[in-house]
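# Examination of the molecular architecture
Residue strings, one per chain:
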Amino acid sequence: MIIPYTDIAEDTLNNLIEYYVLREGTDYGEQEVSLPEKVAAVKRQLRNGEVVIVYSELHETVNLMPKQLFIQQHAG
């Protein structure tokens, strides 16, 4: 189930994004990117609809994922 990011309190959203960014260890190229910059980038992706927040009832977890991946996993 997709949870609209606008339904999440700002502090909670920031914590969720920080956890995601730190856990993913995303490669930002040769230039080091600060945590606040990474969080801002994910927020932009949420606003643009590129990334969604997904709650799994089965696993009782919350995760961020590319919207296209979510659609592919739930098609059919």
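Below you will find a few notes about this structure. Please read these numbers as outputs of a predicted model, since none were measured by experiment.

### Topic: the pairing of strand β3 (residues 61-66)
Bridging between strand β2 (residues 51-56) and β3 involves six bridges; their strand directions are antiparallel. Looking at β3, one finds that Val52 is bridged to Met65. Remark: four residues form the turn of the hairpin made by β2 and β3, two consecutive strands paired antiparallel; Glu60 in that turn has positive phi of roughly 50°.

### Observations regarding the sheet that holds β3
If you trace the three strands from one edge of the open sheet to the other, you get β1-β2-β3, paired in antiparallel fashion. Across the chains shown, the open sheet's two edge strands, defined by having one partner strand only, are β1 (2-3) and β3. Most of the contacts of helix α1 (residues 10-24) go to β3, to which it runs at about 70°, and overall it touches β2 and β3. In this fold helix α2 (residues 35-48) packs onto β2 and β3, with an angle of close to 85° to the strand it touches most, β2.

### Some points on the pairing of β2
As paired strands, β1 and β2 are joined by two bridges and run antiparallel to one another. Looking at the pairing, Ile2 lines up with Val54 of β2.

Definitions and limits used
- Residues numbered from 1 in each chain as written.
- Predicted model: local features only at pLDDT ≥ 70, side-chain atom pairs only at ≥ 80, totals over all residues.
- Heavy atoms only, no water.
- Pairing = 2+ DSSP bridges.
- Helix = DSSP H or I, 4+ residues; strand = E, 2+ residues; numbered from the N terminus.
- Contact = heavy atoms within 4.5 Å.
- Axes fitted to C-alpha atoms, helices over the stretch in contact; angles between N-to-C directions.

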